[in-house]
Amino acid sequence: SQERVFNFAAGPATLPENVLLKAQSDLVNWRASGMSIMEMSHRGKEFLSVIQKAESDLRALLRVPDDYEVLFLQGGATTQFAAIPLNLCTSQDSVDYMVTGAWGDKAFKEAQKFCKPNLVWSGKANKYTTIPSFDEFEQDPDAKYLHICANETIHGVEFKNYPVPKGKDKVLVADMSSNFCSKPVDVSKFGVIYAGAQKNVGPSGVTIVIIRKDLIGNAQAITPVMLDFKIHADNKSLYNTPPCFAIYMCGLVFEDLLEQGGLESVEKKNLKKASLLYGTIDGSGGFYKCPVEKSVRSLMNVPFTLEKSDLEAEFIKEAAKEGMVQLKGHRSVGGVRASIYNAMPLAGVEKLVAFMKDFQAKHA
Ligand code: PMP
């Protein structure tokens, strides 16, 4: 509709307009139940049908193998930074962390409270603009898992393939908060995938965990019930009151992604949007610059700077006047960041690149 802007926020982020309209039409009286989703018991048959459909649609989208559990949890991805070590290792165990940006670093630091994490690789010295080839760093063969952040939301660095954990029974664990459901993923390569919903698949308030079943059930004794994957798996994510409305919204998004033809077709659209934007940056003769090494540039979060950095504030302000909002880079790195998640239409990116060319012409 006319008043909606193109919202380039990193999260909470833009949602598909058709999903919002569907939620609006369901809001006061969901499917003739006489209630909204927010008002009904999480144990009633109505909500059970919602959470079960959300799970089965997500399983279809990601082709989640049967030996994996899908959990809908609370506390954001940040809570998983603690839950992962608490569930997967003892306090004396060693675990490996590759740190390719600010979020991986937070996960690594949180793990220090619960086990013995090794920093097997850090991109900090290069300001988090690269990912090494996987034989460039050594893993601890005794480590219980190797943790990566599949897409660094602030730095715009994305894994295009995945390291193989080296060690007996060692698994790969990935924070996929900012590229979840943006492309097909072979779930069987991972022990655990986790993601906060509020970038690609819903509102904030729900965190999705996909975990191989045999990894469940060995939580450290100090693990709070709310962080114990076994409690949530045994209770089908209904141990306590779940974030019902957020789960319902994710369900609508999953339906929408399936209707678009699934993640293969979603990835194609995302590639097209990203190449248009990166092409404009790289073709600007240095007026715009993306610091990230080309081979690992994120399809979701595109950070860039202006050669004349004093123009950045004006760039962001002028863009907002034209209905393109939330383009300011993260406060820790500055510059500009355009987040172009699944729900950002191609028209939004086309409008942004037209504006960029225009702005350059005015200020070159
Ligand atoms: N990991 C990544 C990659 C993120 O982008 C974010 C949030 N921006 C988080 C973790 C933290 O998520 P939450 O705010 O849901 O705890």
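Just so it is clear, the structure is predicted and the values come from calculations on it, not from any experiment.

Side note on the site of the ligand
All residues in the neighbourhood of the ligand are listed as Gly 11, Gly 76, Ala 77, Thr 78, Trp 103, Cys 149, Thr 153, Asp 175, Ser 177, Ser 178 and Gly 196. It is helix α3 (residues 76-88) that provides the largest number of residues to the shell around the ligand, a total of 3 residues.

Re helix α6 (residues 244-259)
At 3.6 residues per turn, the α-helix brings residues three or four places apart onto the same side. The end-to-end C-alpha distance of α6 is 23 Å, a good match for the 22 Å that 16 residues give at a rise of 1.5 Å each. Every buried residue of α6 is listed here: Cys 244, Ala 246, Ile 247, Tyr 248, Met 249, Cys 250, Gly 251, Leu 252, Val 253, Phe 254 and Leu 257. Looking one or two residues past α6, Gly 261 carries a phi angle of roughly 105 degrees, positive in sign.

So, helix α7 (residues 263-282)
Relative to the 28 Å expected for 20 residues at 1.5 Å per residue, α7 spans 27 Å between its end C-alpha atoms, a close match to the ideal helical length. For α7, every residue scored as buried is listed here: Leu 263, Val 266, Asn 270, Lys 273, Ala 274, Leu 277, Thr 280 and Ile 281. Angularly, the buried residues of α7 cover 125 degrees about the axis, an arc narrow enough to put them on a single face. Structural note: α7 exposes Glu 264, Ser 265 and Gly 279 on the side pointing more than 90 degrees away from its buried face. The elements touched by buried residues of α7 are α2 (45-62), α6, β11 (288-289), β12 (301-306), β14 (336-339) and α9 (346-363).

Describing the nonpolar core
One finds Val 192, Ile 208, Val 209, Ile 247, Cys 250 and Ile 340 to be the most contacted residues of the largest nonpolar core, which totals 108 residues. It is α6 that contributes the most residues to this core, 10 residues altogether.

A word on the environment of Phe 47
Tracing the backbone shows Phe 47 in helix α2. What makes Phe 47 buried here is the crowd of 21 C-beta atoms within 10 Å. C-alpha of Phe 47 to C-alpha of Lys 166: the two residues are 119 residues apart in sequence and 42 Å apart in space. Not counting the four nearest positions on each side in its chain, Phe 47 is found in contact with Ile 37, Met 40, Ser 41, His 42 and Cys 244.

Some points on the UniProt feature "domain: Aminotransferase class V" (unreviewed entry) in the chain
Residues annotated by UniProt as "domain: Aminotransferase class V" (unreviewed entry) correspond here to residues 5-352. Within residues 5-352, the helical portion is 32% and the strand portion 17%, while the C-alpha atoms at the span's ends are 12 Å from each other.

Digging into the pairing of β14
A regular strand carries its side chains on alternate faces of the sheet. With burial as the criterion, each face of β14 is covered, one bearing Val 336 and Ala 338 and the other bearing Arg 337 and Ser 339. Summarising the sheet, β12 and β14 pair through 4 bridges and their orientation is antiparallel. Looking across to β14, one finds that Asn 301 is bridged to Ser 339.

Points about the sheet that holds strand β8 (residues 171-175)
Spatial strand order, β2-β10-β9-β8-β5-β3-β4: 7 strands in an open sheet with mixed pairing. The sheet is open, and its two edges are formed by β2 (68-73) and β4 (116-122), each paired on a single side. Each neighbouring strand pair of the sheet contributes to a mean axis angle of 15 degrees, computed without reference to strand direction. In this structure, strand β3 (residues 94-99) lies alongside strand β5 (residues 145-149), joined through 2 bridges in parallel fashion. Paired with Tyr 97 across the two strands is His 147, which belongs to β5.

Rules used in this analysis
- Residues numbered from 1 in each chain as written.
- Predicted model: local features only at pLDDT ≥ 70, side-chain atom pairs only at ≥ 80, totals over all residues.
- Near = placed C-beta within 6 Å.
- Helix = DSSP H or I, 4+ residues; strand = E, 2+ residues; numbered from the N terminus.
- Expected span 1.5 Å × (residues − 1).
- Buried ≥ 20, exposed ≤ 12 C-beta atoms within 10 Å, placed from the backbone.
- Arc of directions from axis to C-beta.
- Contact = placed C-beta atoms within 7 Å.
- Core = buried A, V, L, I, M, F, W, Y, C linked by C-beta atoms within 7 Å.
- UniProt positions renumbered as here; feature names shortened; annotations may be inferred.
- Pairing = 2+ DSSP bridges.
- Axes fitted to C-alpha atoms, helices over the stretch in contact; angles between N-to-C directions.

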